[in-house]
Structure formats: C-alpha cells, structure tokens
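# Architecture at a glance
One letter stands for each residue in the lines below.
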Amino acid sequence: MTDSTTSPLLVSTDPVLAEFAEDVGTSEPVAVAGGRTRWELGGALGPGTRIVTAPSGIVDYQPEEMTVRVRAGTSVAELHDELAAKGQRTGLPERGGTIGGALVVGENDYRCLGRGRLRETLLQVRYVSAEGLMVNSGGPTVKNVSGFDLPRLMVGSLGTLGLIAEVILRTNPIPAVSRWFCAAGADPGAVGEALLAPSAVLADGQQTWVELEGHGADVDEQAARLRTVGSFEVVDGPPSFPPHRWSLTPGQALEVDDAMLGDHVTIVGVGLVFASEPQPRRSIEPNIAIVSDRIKSNFDPTGRLNPGRNPAQK
Amino acid sequence: MLAGMRNRFSRRTETSGDPFVDALRGALSPERVKFDGAHRSLHSHDASVFDGGNSGPVVYPETTAEVQAVVRLANDYDRNVVPRGAGTGLAGGAIPLGAPVVVAVTRMNAVLEIDPINMVAWVEPGVINLDLTKHLQPFGFHFAPDPSSQQVCTIGGNVANNSGGPHCLAYGVTNAHVVALEVVLPSGDVVMLGGLEAEPQGLDLRGVFVGSEGTLGITTRVAVRLTKNRPEVRTLLLSFATVSDAANTVSGVIAAGIVPAAMEVMDQRITQAVENYVGAGYPLDAAAVLLAEVDGLADGVDIDADRIAEIGRANGATAVRLAESDQERALLWKGRKTAFGAIAQIAPDYYLHDTVVPRSALAGVLEEIYAIADRHDLLIMNVFHAGDGNLHPLIIFDARHEGVLDRVHAAGADIITASLDAGGVLSGEHGIGVEKQQYMERMFSADDLDHQNRLRQGFDPGCRTNPGKVIPSGHSCADIQSLRAVPNEVWG
Ligand SMILES: Cc1cc2nc3c(=O)[nH]c(=O)nc-3n(C[C@H](O)[C@H](O)[C@H](O)COP(=O)(O)OP(=O)(O)OC[C@H]3O[C@@H](n4cnc5c(N)ncnc54)[C@H](O)[C@@H]3O)c2cc1C
Ligand SMILES: Cc1cc2nc3c(=O)[nH]c(=O)nc-3n(C[C@H](O)[C@H](O)[C@H](O)COP(=O)(O)OP(=O)(O)OC[C@H]3O[C@@H](n4cnc5c(N)ncnc54)[C@H](O)[C@@H]3O)c2cc1C
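The paragraphs below set out a description of the structure included in this document. Since this is a predicted model, take the numbers as computed values, not measurements.

### Points about the sheet that holds strand S8 (residues 163-170) of chain A
All names here are of chain A.
- Taken together, the 5 strands give an open sheet; going across it, the order is S3-S4-S8-S6-S7, and neighbouring strands pair in antiparallel fashion. Pairing within the sheet leaves two strands with one partner each, and these edge strands are strand S3 (58-62) and strand S7 (134-138). The sheet shows a mean angle of 10° between the axes of neighbouring strands, direction not considered.
- As defined by bridge partners, strand S6 (residues 122-128) adjoins S8 across 6 bridges and the pair is classed as antiparallel. Paired with Tyr-127 across the bridge in S8 is Ile-164.
- With respect to the sheet, helix H1 (residues 15-24) is in contact with strand S4 (67-71), S6, S7 and S8, its orientation differing from that of S8 by roughly 145°.

Below is the structure:
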C-alpha cells in the first residue's frame, strides 16, 4: 500500500562514511580514538583492539534551522569556531575532544543550565554497528518522536553500542551579552533563588561565581539582584577546576564533605562537583545492569566494540 | 504464529471465573479489576481514528506494588500488558492488541513531593498535566510541556509519548523535563531509571524510556523538572494575507536567532471556527494568524517582541496586536487550546496529522498540503506548532460518505510523503503507535529498524508490553496481523 523505500534524504551516500564503515569492518575488537582526552574512562581498552578514527568535517550547517550536520571526528573547538561566526553554539563541552568522543563520554558542559544538556543536543546519529553496517537513527528536525530514541542510548554509551560516524546537532544562539561575576562569602543557594535563569553558578566554599547571559539590560537587571545577596564584582571567567568529576544531586552538592573531596568547585543547581579527590565508584542497581547488559549483547553480540569499557563504570 | 496465538487463547473460558482474572482480583481488590463488556469496549480505543483492539481485563492499580503484581501475574499466565493513561493518544498507542490486560494508572494520581532544592516534583503517572501545573503555581513553578490535551492527559502518557505543546519551543519537550522514572519492567522488577544526580551511571535508560509508547514497561513514579515561572510575558497576534507569509515570518524569527517561548499558526478556517466557539478575538478576515509569545525579563521580552513584530511586518503582516492584559493573553491562548474542540463541534469526523519539516520548508509544504486536499477533494485545516516546524494538518470529513475514508488515508500518505521529501520526519509528538508503523520504512532502513527492535528487546525480550506497536511487522514484537487476529470470542 505504501511505497516502502526509505526517503533518499535519510540514506547516507557519503563515501567518507562508507569508508569508515569499511575500516570498522565486521570482526575483531575495534575502538575509535578521538582526542584521547577521556581515553581511560570506563576501564582500560582490551588488548589487541584495533584503533580507527572517525571521519571529520562539517557537512551541512544551517544557521537558520539551528542545526548542523557534522562528522564525529571533528573537534568540538573547530565546530564551535564555525558556529560562532554565525552567532551560535552547542551544548557540547569544549576541552580538546572530538564531537563523537564528547557524545559517547556524555559529560555535560559545566554551564549546561545556560547551554542545555549534552543529551538534548543530539538530533540524529549515524553509527557503524558491530556488524559493520551504517545505522541511522533520530532525525534531522528539532522535534521528532519517530520510533525509539537511539540517539539517547548513544549519548554516554562510551562507544560500546556503535561507533559514531556523523551526527546532526541542535545549535543555540549565543546571547548578546555573557558576563561573569564573583563574590566572597555569598550563599550559593540564595544566589540561585534570586536569579531567573543564570547560565552557571559555581562555588568553592569561599567564593561564588555566576555567569549571566542575555540581552544587556536583562543582564544588568539580574546583576543588580545578584548584588542584593553578595558583593559581586565582574570577573573574566570561572576559576580553574580540580581534575576529578563528582556526580551528585544538586542538594548533596551544596553540602559536600571537604575532607572527602579536597579542593572543589561545585556547579550549583546541577550537582556536578570538580574535586581534587576522585569520586568513589558508584554502584548500579542489579536489575538495571540486567537490562543494560542485554542491550549491549543485542547491539554487540561478540563484544567487539570498545572492549574493556563499561559506561556504568565511568 | 496465527495458529499459535489461537491455541494460546482458545484454552481460556469466557466466564468471569477465568483463573487469570481471579488471580488479578486476588492481587488488587475485586472492584478494581473490570471484565465486563462495557469496560473492555471503552478501553479498546484511544482518541485516534483507528479501529479498536481487543481488551482483556482492565485493572486500576493504586500502588507500584499492585502494578508489579499485575505484571508478574501476566507473566505467569502468559498474557500481554498495555499501560494506559487518559486514552487521549492520537496514534493508537494505548489500543490493546492481542487481548492484553489493560493497566489503567488513572488512580495513581498524587503529587507526592515538591523538592525545590533539587528542582523536581515526584508525581504518580495518573496525575493530569494541567493539575500538576496548577499544583506547582503557588510555589512559583510549572511543568513546561503543555499539550493541547493538558486538561485530561496524564504525566504517564506524556512520558510515554514524549509529548510536546506550544511552550516546548523554548523549553523542550517532555524528555527534557523528566529527571527520573520508577518503572515496573516487563520482567516485573521495579527499577529507578535516571536519577537526581547530575550524571547518572551507565546507559541513559531514562532517555530511551521517554517516548517509547508504553512498550518498555510501566512508569509508576516520575521526577519532573520544575520550571520557574517567568516574571514577564508578551503575547503577540500577527495577521497575514497568506499562510506563506505567516510561515515565512516563523522561519525569519528563528533565523534571526530568537527562540520565543511559543509560535503557533492557525489558518483562516480554524480561526473562524474558534471565533464562533469561544470568541477569542481573532480576526476573521486573515488568511492566517501567528500567535507568538516571549517570556523572561522585562527588557528582553520587549526587545524580542518588537523584533518579532518587525519581522512579521517585513513578511507582510497586515496587523500586529500585543495583548494588553493577562485576560487578553488568556483569551488568545484559549482560542488556540480549544481549536480541536471547536472543530469537533462542527465536523462529523476529523483526522489530526502530525509531521515535522525544517522551518524554512514550512511555507512550501503548507502549499503542497492545500493542494493535496484539493486533489483528494477533502477539507484540510492547519493549526500547528510552527516554531519547531511541527505541522498538524486536520482533515475534516464525514465517514458516512462512501469512499471518503480511502481518500482520507490517501491524503494522509501524501502529507507524509510531502513532509519527508522536504527533509522532515514522521511524527513530532503523537508518536508512531499503530498509525505510522507502515511508514517507518520510509524513514528507516531494515537495519535501522532492527536496531530499534534490539533496544526494545533489551527491556522486553518476550515482547509482552504493548506488543504490535511502533516497529512495523517483519520485526519481532510487531506481528500486528496475528495480534489483530485474536478471535473476538476469546474474551466474550
Ligand atoms: C583536562 C581535561 C579537562 C576536561 N574538562 C572537561 C569539562 O570541564 N567538562 C567536560 O564536559 N568535559 C571535560 N573534559 C572531557 C572531554 O573534553 C570530552 O569528554 C571529550 O570531548 C572527549 O572526546 P575525545 O575525543 O577526547 O574522546 P577520547 O578520549 O578519544 O575517547 C573517549 C572514549 O570515547 C570513545 N570514542 C571516541 N570517539 C568515538 C566515536 N566517534 N564513536 C564511538 N566511540 C568513540 C573512545 O573509544 C573512548 O572510549 C575534559 C578533558 C580533559 C583532558
Ligand atoms: C484534542 C487533543 C489534543 C492533543 N494535543 C496534543 C499536543 O498538543 N501535543 C502532544 O504531544 N499531544 C497531543 N495530543 C495527544 C495526547 O494527548 C498525548 O499523546 C498525551 O500525552 C497522551 O496522554 P494519555 O494520558 O491520554 O495517554 P494514553 O493515550 O492513555 O496513552 C498513550 C501512550 O502512553 C502509554 N502509557 C500511558 N501511561 C503509561 C505509563 N504509566 N507507563 C508507560 N506507558 C504509558 C500507552 O501505552 C500509550 O502507548 C492531543 C490529543 C487530543 C485528543
């Protein structure tokens, strides 16, 4: 009754992607190296694993749609340079890595209150499956509920379910004004309550930093409110972060034990804490592990994709 | 498969003394297990145009433990399970196939906790969308997704369909507002997916559960994100001499880097129907109106409202009106939100479609849709979430006219083709259900669909929860033919 051929717009004809699929092949352990900025995350790579690189390049940037199609091996910095020229950005963290790496690692930018969470950035993903096939999921539009949401599954999957070749990302306008403020001794909880939608609120136990973004007059108005809860001054940017990342609830993050975390910077309202001490391994519910393991073996029956890594042990 | 199904079901008697029904009555209280024809018939449909399915017993659990008991019994007795909220779904998601037990969660309707420190509220799945927002208002918060059906649809249904609404343009659809989910898995185990911590461990099973149309389990508790109410709101009504001018204004606004809280377009037929119904103050002579809203802080909303008006005028707006009071704003929105009610008053039958196209393609695809209507000799009206390119062509017809249903379906197929050809997708918010299964192959290759099925089977290896939905037949968990063929006599 209906024509069952897949819409030509949704089938990849890009020879660069086909070449990547061929590189990945159909047997033997294989993993993608991105910028190697999070290489050891989730466990050491199994011995004898072949390393491939994902294709790179921005394929189609449509600022008027607020979407960009980009190959996974492109660096986040390169993408952001290109977008900034049109006054846009994404929710991807920019710390030297690649698009594919950032997505499968799944860590949010510390300014995610203002830029959106990483998982909401990914609209469409093309990945190479364990069988060496190019699989497409999600769609090119900003709104889409056509079928199961495999892009969500790929974000944070550490490359254990598929090797990402190309994605379509949502972009956001860069606000007219972005400004950082800092004060000593201000109560971060009170700061959060005083403001409508700060892009970031950071606290290290002594000082509190706030990023305000928007129209100039709005930023001035919010800055005035900020000054009712502390003696905030304009500063160049955030402090530098200790190396280890803790994932807590926003409530827990406001009451951390200094002895356990060492020096730390809390991302208020998000629950992220950057600390000099690592977070003890969190456990995963056994019944969730059963479902996750079944998904892994359904997607990668022979365990050839990024062996040794476990998204539950990030 | 067909014969197998027959055998599985033929052993059962139709007496109320069916051991499965008795077991359910033992697990819940007897009055919360309905097995009479009226109940089963009522629960064999949803709000879609599709023929009803075949409902088994209908149960009304009140706790997670009761949902778990029902799922375990269904496993013991080799029966399928279909979760159900208010039944307002438009893609047939809640239609029971294969005489499953229908788990109606409408009695689980408590707002359990408001937690402003973690910026979430814990709610049961049967809470009605608008009730939640009303409950949060005094605390200065709301639940951002606001489907037009919000007076009746449930949070559980919103989660399952990843529902949207006018104000999801700036704030995101349901997935962005769900932090954690308690779920009774198809195995009967209870798990918490996601969590309040910044980055929960492991795969994002929360993320894939949202939008899975009741196929991955039953959600029994939801932590929804609280959104702070905006201090300032500006609502504009722009009138246009052509639908294209309205559509071009929408893409112009996005291209200018403005993401308003909402941008909704209604064509002339809709505005006239709405005016007759609620008197929202819409112009009767405009070919289309654009309802645009910006919210935030005082200066910014004025700047954005001015720019939207300017872009509208540059695209030929014949009038631009700014709502002067909260009452005027509420009335403008009342018109939009009751649009379907207004049509239901005048149309014997209607079929509401749902596709998405790139915003720059809106004008062209709308023109094509009116041409499709002419070609099939049908009346089509358009009222839609223009800001994110989400079209809702509404086909009006009278099913008593011979052959009209064939034309309705043929026009629907053409609308889908036009949307996909423009670089769009099958559904923006209603989902696939049984409505668009046959079109999934237009959007996804066999390998793509196979991977979706692998995810589904990761949760539900026995294909027991809401079988026959989303993935087209040919893949396991999707053999609708045989599910539809369950003989009517089975459950009396
Ligand atoms: C000093 C430092 C500070 C950082 N600070 C922050 C921070 O503040 N905030 C933040 O959010 N992030 C931060 N990061 C993290 C980092 O920038 C991102 O997570 C990054 O983009 C990872 O990408 P990569 O290309 O380096 O991945 P790699 O390290 O190369 O790879 C990481 C994992 O992903 C897999 N992988 C890579 N590409 C693909 C692909 N295409 N398909 C499938 N699997 C793939 C690899 O096999 C590996 O298992 C920091 C990193 C460093 C080194
Ligand atoms: C007039 C009208 C206007 C509408 N406007 C919009 C709109 O603006 N935006 C929009 O997105 N939709 C809209 N819809 C569609 C519909 O209202 C939404 O999809 C809504 O979220 C469905 O909620 P429900 O409680 O009615 O779910 P139901 O129809 O009962 O079920 C929908 C799906 O959810 C599953 N489900 C229900 N509860 C659970 C649970 N607890 N756990 C797991 N799965 C469950 C069911 O199995 C089914 O697959 C509209 C519908 C109507 C009739």
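Now that the structure has been shown, the text picks up again.
### Topic: the interface of chain B and chain A
- Contact with chain B, which involves 92 residues of that partner, is made by 80 residues of chain A.
- Summed over both partners, the interface of chain B with chain A buries about 6900 Å², with 57% contributed by carbon and sulfur atoms.
- Summed over the three residues of chain B that lose the most area to chain A, namely B:Glu199, B:Gln201 and B:Leu203, the buried surface amounts to 12% of that side.
- Between chain B and chain A we count 4 salt bridges in total.
- Of the charged contacts in the structure, one is a salt bridge between B:Arg454 and A:Glu131, with a shortest N-O distance of 3.0 Å.
- Linking chain B to chain A there are 31 residue pairs in polar contact (both at pLDDT 80 or more).
- Among the elements of the structure, strand S9 (190-194), helix H8 (205-209), helix H9 (243-255), helix H11 (298-314), helix H15 (404-421), helix H16 (440-443) and helix H17 (446-459) of chain B are those that each provide at least two residues to the side of chain B that touches chain A.

### Brief notes about the site of ligand 2
All names here are of chain B.
- Contacts to ligand 2 come from 35 residues, most closely from Pro-83, Gly-85, Thr-88, Ser-149 and Thr-154.
- Within the side chain of Asn-466, one N or O atom sits 3.4 Å away from an oxygen atom of ligand 2.
- When isolated, ligand 2 has an accessible area of 980 Å², and the protein chains bury 95% of it.
- Counting residues per element, the ones that place at least two in the shell around ligand 2 are strand S3 (81-84), helix H6 (155-161) and strand S10 (218-225).
- By residue class, the composition of the shell around ligand 2 is 12 nonpolar, 20 polar and 3 charged.

### Let's talk about the environment of B:Val357
- You can see B:Val357 is positioned in the loop between strand S17 (355-356) and helix H14 (362-375).
- Between the C-alpha atoms of B:Val357 and B:Leu391, which are 34 residues apart in sequence, the distance is 7.5 Å.
- In this view, B:Val357 contacts A:Thr141, B:Leu362, B:Val365, B:Asp388, B:Gly389, B:Leu391, B:Ser419, B:Ala422 and B:Gly424; residues no more than four positions away in its chain are not counted.

### Here's the deal with the pairing of S4(A)
Residues and elements named next belong to chain A.
- Within S4, 5 of the 5 residues are buried, which leaves the element mostly enclosed by the surrounding structure.
- Neither face of S4 is exposed, since Thr-67, Arg-69 and Arg-71 on one face and Val-68 and Val-70 on the opposite face are all buried.
- Examined bridge by bridge, S3 and S4 share 4 bridges and lie antiparallel to one another. Looking at S4, one finds that Asp-60 is bridged to Arg-69.
- Two strands pair when backbone bridges link them, and S4 and S8 are joined in this way by 5 bridges, in the antiparallel orientation. Bridging across to S8, Arg-71 finds its partner in Glu-166.

Cut-offs applied
Residues numbered from 1 in each chain as written. Chains lettered and ligands numbered in written order. Predicted model: local features only at pLDDT ≥ 70, side-chain atom pairs only at ≥ 80, totals over all residues. Heavy atoms only, no water. Pairing = 2+ DSSP bridges. Helix = DSSP H or I, 4+ residues; strand = E, 2+ residues; numbered from the N terminus. Axes fitted to C-alpha atoms, helices over the stretch in contact; angles between N-to-C directions. Contact = heavy atoms within 4.5 Å. Buried area = accessible area lost by both parts, 1.4 Å probe. Salt bridge = Lys/Arg side-chain N within 4 Å of Asp/Glu carboxyl O. Polar contact = N/O pair within 3.5 Å; in protein donor to acceptor, adjacent residues only side chain to side chain. Near = heavy atom within 4 Å. Areas by Shrake-Rupley, 256 points an atom, 1.4 Å probe, with all protein chains shown as cover. Nonpolar A, V, L, I, M, F, W, Y, C, P; charged D, E, K, R; others polar. Buried < 20%, exposed > 50% of the residue type's maximum accessible area, 1.4 Å probe, protein only.

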